[in-house]
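# Commentary on secondary and tertiary structure
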Amino acid sequence: MMPITLPGKFPGSSVYLFGPYTYHKDKRCKIPSYRCTYHKTHHKCPVVIKKENNNYVEKSRHNHPKPPNIEEKKKLHRMIDDGSIETNLSAKEIFNELRQSAEKSQMRPSAVKVRVSKKRIANLPVEPQYFYELKNSISTYKKTSCLFRGIIEAEDGSTAIMLCQEELMKHIGEVKEILIQQTYEVLFKIKFLKLLALLINFIFSFIC
Ligand SMILES: [Zn+2]
């Protein structure tokens, strides 16, 4: 029985596979020793594998089910990450979509929620300092690019970013009345920014 070394959770770290079980190397021991990764969970698994005369000897027995397959777990993580970035589904909805894989990989809804939240925060565009940067953020960020309809430049030099669902744009020509409502004044660090909602039969917005 020889260990298989795999990349660990953190950069530069490793996890070791002996059969289906995963281990961390116990760096305090002079002779190579590996402690079950479930030692730090509520199971407090006592299994330690030590190298003795070129053999790896397992001490005691695992007190928990076999851990999920690492490759399957990585695949699940990729699917959760894709769902976080590509869709507007909530963490609960993503979990429900992937319930079978999540249960197989022993991943709880709370862990999915944390992963979705971290991924979405990491994927947010950089907070813009200037108006032209805001346009770039909106037009390239996946969740707002579908609303970005273009830039409007007025005669007085002011500029507006137009956001509207493509489907609603088709109905603008049919509108007989437009109401303008200012919703709030400051977005990001651009103090002069105002968000105006133009209310028609449907709602679309100008930021100016
Ligand atoms: Zn164990």
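Everything discussed here concerns the structure shown above.
Let me sum up the structure you'll find in this document. Everything numeric here is computed off the predicted structure, so don't read it as measured data.

On to the overall build of the chain. Counting secondary structure elements, the chain contains 7 helices and 11 strands. Taking all 208 residues of the chain together, 12% fall into the buried category. Sequence separation of at least 24 residues holds for 32% of the intrachain contacts in the chain that already meet a minimum separation of 6.

With antiparallel pairing, 6 strands are arranged side by side in an open sheet as E1-E2-E3-E4-E5-E6. The outermost strands of the open sheet, each flanked by one partner alone, are strand E1 (4-7) and strand E6 (55-59). On average, adjacent strands in this sheet sit at an angle of 35 degrees to one another, irrespective of strand direction. Relative to E6, strand E5 (residues 48-52) is paired through 5 bridges, and the arrangement is antiparallel. In the strand pairing of E6, lysine 50 is matched with valine 57.

So, about the nonpolar core. A general tendency of soluble globular proteins is for nonpolar side chains to be buried together. Of all hydrophobic cores here, the largest spans 9 residues; its members are Leu76, Ile80, Ala91, Ile94, Phe95, Ala102, Met107, Val112 and Val116. Those elements that provide at least two residues to this core are helix H1 (70-86), helix H2 (91-97) and helix H4 (109-122). Apart from the residues lying within four places of it in its own chain, the contact partners of valine 116 are Ile80, Ser84, Ala91 and Ile94. In this structure, Tyr16, Tyr34, Tyr38 and Ile49 belong to the second largest nonpolar core, which totals 8 residues.

Here we come to the pairing of E1. Where E1 lies against strand E2 (residues 14-18), 4 bridges are found, and the strand directions are antiparallel. The residue of E2 that forms the bridge with threonine 5 is tyrosine 16. The hairpin formed by E1 and E2 contains 6 residues between the paired strands, and glycine 12 there has a positive phi angle of roughly 85 degrees.

Right, let's talk about unusual backbone geometry for a bit. For asparagine 53, which is not glycine, the phi dihedral falls at a positive 50 degrees. In this fold, asparagine 53 is placed in the loop between E5 and E6. Note on asparagine 53: 5 C-beta atoms within 10 Å, which makes it exposed. At serine 60, a residue that is not glycine, the phi angle is positive and equals roughly 60 degrees. Tracing the sequence through the fold places serine 60 in the loop between E6 and H1.

Quick look at the environment of threonine 159 now. Residue position: threonine 159 is located in strand E8 (residues 159-163). Excluding its chain neighbours within four sequence positions, the residues that come into contact with threonine 159 are Phe131, Ile151, Ile152 and Glu153.

Burial within E6 is sparse, with just 0 of its 5 residues counted as buried. What sits between E5 and E6 in their antiparallel hairpin is a turn of 2 residues, with asparagine 53 showing a positive phi close to 50 degrees.

Now for H4. Because each turn of an α-helix spans 3.6 residues, side chains separated by three or four positions end up pointing in the same direction. An ideal rise of 1.5 Å per residue puts 20 Å on 14 residues; H4 measures up with 20 Å between its terminal C-alpha atoms. Every buried residue of H4 is listed here: Val112, Arg115 and Val116. The buried residues of H4 all sit within an arc of 100 degrees when viewed along its axis, so they share a single face. Exposed and facing more than 90 degrees away from the buried side of H4 are Ser110, Val114, Ser117, Lys118, Ile121 and Ala122. Tucked into the core, H4 has its buried residues touching H1, H2 and helix H3 (99-104).

Cut-offs applied
Residues numbered from 1 in each chain as written. Predicted model: local features only at pLDDT ≥ 70, side-chain atom pairs only at ≥ 80, totals over all residues. Helix = DSSP H or I, 4+ residues; strand = E, 2+ residues; numbered from the N terminus. Buried ≥ 20, exposed ≤ 12 C-beta atoms within 10 Å, placed from the backbone. Contact = placed C-beta atoms within 7 Å. Pairing = 2+ DSSP bridges. Axes fitted to C-alpha atoms, helices over the stretch in contact; angles between N-to-C directions. Core = buried A, V, L, I, M, F, W, Y, C linked by C-beta atoms within 7 Å. Expected span 1.5 Å × (residues − 1). Arc of directions from axis to C-beta.

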